[in-house]
Amino acid sequence: MTTVLISGLGLIGSSIARIIREGDDTIEIIGSDPNDDSSEFLLQHHIINSRAKFIDAVPNADIIILAGPVSVIIQQIGVLSKLSLKPGALITDVGSTKQMIMDEAKKLNQSDVGFMGGHPMAGSHLTGGKNGSSHLFSGSKYFLVTGSQTDRQLREFKRLMRLANVDWITTSAVAHDKLVSELSHVPHVVSAALVNSIADRLQTDPIGLKAAAGGFKSTTRIAASDPKMWTAIMLSNSKEISSEIDEFQEELRQLQEAIKTQDEKTIFETFAKAQKIRKSLDD
Ligand SMILES: O=C(O)C(=O)C[C@]1(C(=O)O)C=C[C@@H](O)C=C1
């Protein structure tokens, strides 16, 4: 019998638990999370078989999935490097950045244990185990950064996750962190900054934010995401994110200049370029 330990039963960890459970109900899934609400919900719905403390569950686990914030994943890899793990065990994670995690994983030196970095490129601003879904990743990319895992472990993980219906992409930690800084991290920064700058200014207006419609809501949906998770992402990819913010500021500066100087042609061309690119995403 295969035993899977999932540490972190929030949106992503609980979605993985559902995917594994729906694919094979003989798999023993142990959940580890200090949050009672998520854990109890998943136990009651038979999505996990039991709940345990992380270090207590580790020795019996064939697969350990680290699904907490990046800072917690890094700390747990440090803990795992000092414990005796089940021979043949695979450790993987779902963190949104990969370089710091892959560096930390070098500390895992039990020769018959493998580590593989992972990142499902999907999510929601909703948080907690109740909001997870076995369809959350459907149609999305799932990045893999290969480490010390064997081919057999990789195959077994993909088999367990087959109902996720993802497109597996193997990449390097460096390439991954650069790409997601552009596609995910800077959008989050921009979204949060936009909400805060406007909310502060609108505080004295009696209608204020209540008048917000589709434009503001769809541009800023992700600002409602978990601040703990996003703080850890910023700290673990700060160089890339900071340099992408420079590029974004330059783009904004050019557009501001065009608006200020009534440069109709540049304004139109900027929006037409963005319209074409953004529309192609939905095709
Ligand atoms: O759709 C959302 O709400 C997300 O935040 C998902 C999203 C993103 O697209 O930026 C956020 C973080 C994850 O690492 C991967 C995906």
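Residues numbered from 1 in each chain as written. Predicted model: local features only at pLDDT ≥ 70, side-chain atom pairs only at ≥ 80, totals over all residues. Heavy atoms only, no water.

- An unreviewed UniProt entry lists the chain under the name Prephenate dehydrogenase, with Lentilactobacillus kefiri DSM 20587 = JCM 5818 given as the organism.
- According to the UniProt record, the Pathway (unreviewed entry) comment for the chain reads "Amino-acid biosynthesis."
- Annotation of the chain in UniProt includes, under Sequence similarities (unreviewed entry), the sentence "Belongs to the prephenate/arogenate dehydrogenase family." (UniProt positions renumbered as here; feature names shortened; annotations may be inferred.)

### Quick look at the pattern of salt bridges
Inference 1: Tallied over the full model, the rule gives 13 salt bridges.
Inference 2: Across the pair E269 and K265 runs a salt bridge whose closest N-O atoms are separated by 3.2 Å. Taken together, the residues span about one helical turn, with E269 and K265 both in helix α11 (residues 264-282) at a distance of four residues.
Inference 3: Exposure remark for E269: the relative accessible area of 41% places this residue in the partly exposed category.
Inference 4: Because the salt bridges share partners, they merge into one network encompassing D36, E40 and R51. (Salt bridge = Lys/Arg side-chain N within 4 Å of Asp/Glu carboxyl O. Helix = DSSP H or I, 4+ residues; strand = E, 2+ residues; numbered from the N terminus. Buried < 20%, exposed > 50% of the residue type's maximum accessible area, 1.4 Å probe, protein only.)

### Considerations on the domain arrangement of the chain
Inference 1: Partitioning the chain into structural domains gives domain 1 (3-172) and domain 2 (240-283).
Inference 2: Centre-to-centre, using C-alpha coordinates, domain 1 lies 38 Å away from domain 2. (Domains from an automatic or database assignment.)

### Quick notes on the UniProt feature "coiled-coil region" (unreviewed entry) in the chain
Inference 1: In the numbering used here, UniProt assigns the "coiled-coil region" (unreviewed entry) feature to residues 238-265.
Inference 2: What you have in residues 238-265 is 89% helix and 0% strand, and the ends, taken at the C-alpha atoms, are 36 Å apart.

### Points about the packing of helix α10 (residues 238-260) against α11
Inference 1: At a minimum axis separation of 8 Å, α10 and α11 run at an interaxial angle of 140 degrees. As judged from the angle between their axes, α10 and α11 are oblique. α10 and α11 meet at a crossing whose hand is left-handed. When α10 is examined against α11, the residues E251, L255, A258 and I259 are found in contact with a partner set consisting of T266, I267, T270 and F271.
Inference 2: Of the residues belonging to the contact of α10 with α11, the class tally is five nonpolar, two polar and one charged. (Axes fitted to C-alpha atoms, helices over the stretch in contact; angles between N-to-C directions. Parallel < 35°, antiparallel > 145°, perpendicular 65-115°, else oblique. Left-handed = near helix turned anticlockwise from the far one by under 90°. Contact = heavy atoms within 4.5 Å. Nonpolar A, V, L, I, M, F, W, Y, C, P; charged D, E, K, R; others polar.)

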